[in-house]
Amino acid sequence: MADLLWDDVKCIFDPDLTGSLPDVRVPDASVEDWQTVLDLVADRCWKCQHSEGETVLPVPRAEAVLSRPADAECPDLRVWPTADVLAIFRFHAADEVDFDVDLRELQGQERLDVFCDFLQEIGRRLGKPVLMDPEGDSGHPVLGFDVEGDRVVLLADPQIR
């Protein structure tokens, strides 16, 4: 059975209410956690593309990409858990794994299930919560992977927003 039902959460996935690019994050992370995520992408054979600006490069080791000079361009890693769902990881800081998803790609039960599975894969591998905040409203998660419950759960009333 699905962790979340579309009819119960579709308000949260409304780009006009939550923003089209909500922030997804794993707080209290480390360089090792970033590397674990990079290894997960490889292990699951998810299609991915690493780039710095317009330059496409091989996927780096976490330590290398997170120790770049302060004035260097922030690289990203585009990951497709399925052909029509994209997550863009941004290597801003070692202490938080963060990525964006486009809510316009996450409409309906089937896409919601893909998203929940993706959060579960990351959360299970790290043993940490994976939280989704409305765009520009960091620190106020509306849903996330609950480690103890081993599932994605609502963290806010979807009718509030």
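The following refers to the structure shown. (Residues numbered from 1 in each chain as written. Predicted model: local features only at pLDDT ≥ 70, side-chain atom pairs only at ≥ 80, totals over all residues. Heavy atoms only, no water.)

**Some words on the packing of aromatic side chains**
Each pair of aromatic rings is reported with the distance of its centres and the angle of its planes. Condition: Any two of the Phe, Tyr and Trp rings considered here, Trp counted by its six-membered ring, make a pair once their centres fall within 6.5 Å; the pair's planes then place it as stacked at under 30 degrees, edge-to-face at over 60, or tilted in between. Helix and strand definitions follow DSSP, with helices as H or I runs of at least four residues and strands as E runs of at least two, each counted in order from the N terminus. Whether a residue is buried, partly exposed or exposed follows from its accessible area with a 1.4 Å probe, protein chains only, as a fraction of its type maximum: under 20%, in between, or over 50%, in that order. For a Lys NZ or an Arg CZ to count as sitting over a ring, it must be within 6 Å of the ring centre and within 35 degrees of the ring normal.
For the structure shown, the criterion picks out 8 aromatic pairs. Residues Trp 34 and Phe 89 carry aromatic rings whose centres are separated by 6.5 Å and whose planes lie at 70° to one another, so their mutual orientation is edge-to-face. With a gap of 55 residues between them, Trp 34 in helix α3 (residues 31-43) and Phe 89 in strand β5 (residues 85-93) connect regions that are remote in the sequence. For the ring pair Trp 34 and Phe 91, a centre distance of 4.7 Å and an interplane angle of 35° mean the geometry is tilted. A residue pair is termed long-range when its members are at least 10 positions apart, and Trp 34 in helix α3 and Phe 91 in strand β5 qualify at 57 residues. You can call Trp 34 buried: its relative accessible area is 1%. In this structure an aromatic cluster arises from ring pairing among Trp 34, Trp 46, Phe 89, Phe 91, Phe 99 and Phe 118. Above the ring of Trp 80, the side-chain terminus of Lys 47 is found at 4.7 Å from the ring centroid.

**Considering α3**
Here is the rule we go by: Expected span of a helix, by definition, is 1.5 Å for each gap between consecutive residues, and there is one gap fewer than residues. Contacts were defined at the residue level, with two residues in contact if any of their heavy atoms lie within 4.5 Å.
Taking 1.5 Å of rise per residue, the 13 residues of α3 would be expected to cover 18 Å, and the 18 Å separating its terminal C-alpha atoms lies within 8% of that figure. Buried within α3 we find Asp 33, Trp 34, Gln 35, Val 37, Leu 38, Leu 40 and Val 41. Looking at the buried residues of α3, the elements they touch are β2 (47-52), α4 (62-66), β4 (76-82), β5, β6 (96-101) and α5 (109-126). Looking one or two residues past α3, Cys 45 carries a phi angle of roughly 55°, positive in sign.

**A closer look at the packing of α3 against α5**
Defined as follows: Convention adopted: a line fitted to C-alpha atoms gives each axis, helices being fitted over their contacting stretch, and angles between N-to-C directions are expressed from 0 to 180 degrees. Any angle from 65 to 115 degrees is called roughly perpendicular, while one under 35 is roughly parallel, one over 145 is roughly antiparallel, and all others are oblique. Helix crossings get a hand from a simple test, with the near helix turned counterclockwise from the far one by less than a right angle marking a left-handed crossing and a clockwise turn marking a right-handed one. All residues other than Ala, Val, Leu, Ile, Met, Phe, Trp, Tyr, Cys, Pro, Asp, Glu, Lys and Arg, Gly among them, are scored as polar; the first ten of these are nonpolar and the last four charged.
Relative to each other, α3 and α5 sit at 130°, their axes nearing to 10 Å. Overall, the two elements α3 and α5 adopt an arrangement that is oblique. Judged by the twist between their axes, the crossing of α3 over α5 is right-handed. For the pair α3 and α5, contact is made by Asp 33, Thr 36, Val 37, Asp 39, Leu 40 and Asp 43 and by Glu 121, Ile 122, Arg 125 and Leu 126, respectively. For the contact of α3 with α5, the class distribution of residues is 4 nonpolar, 1 polar and 5 charged.

**Observations regarding the pairing of β2**
As a reminder of what qualifies: Strand pairing is assigned whenever DSSP detects at least two bridges linking the two strands.
Here β2 runs beside β4; their pairing, made up of 5 bridges, is antiparallel. By the bridge assignment, Cys 48 is partnered in β4 with Val 79. The sheet contact formed by β2 and strand β3 (residues 55-57) spans 3 bridges and is antiparallel. The residue of β3 that forms the bridge with Glu 52 is Thr 55. Where β2 folds back onto β3 in an antiparallel hairpin, the turn is made up of 2 residues, including Gly 53, whose phi is positive at roughly 65°.

**Thoughts on the pairing of β6**
Side-chain direction in a regular strand flips from residue to residue, so the side chains alternate between the two faces of the sheet. Summarising burial for β6: 5 of the 6 residues are buried, a large majority. When strand β1 (residues 23-26) meets β6, the two strands line up antiparallel, connected through 4 bridges. The residue bridging Val 24 from the neighbouring strand is Phe 99, located in β6. Bridge analysis of β5 against β6 gives 5 bridges, and the strand direction is antiparallel. Counterpart to Ala 87 in the pairing with β6 is Val 101. Where β5 folds back onto β6 in an antiparallel hairpin, the turn is made up of 2 residues.

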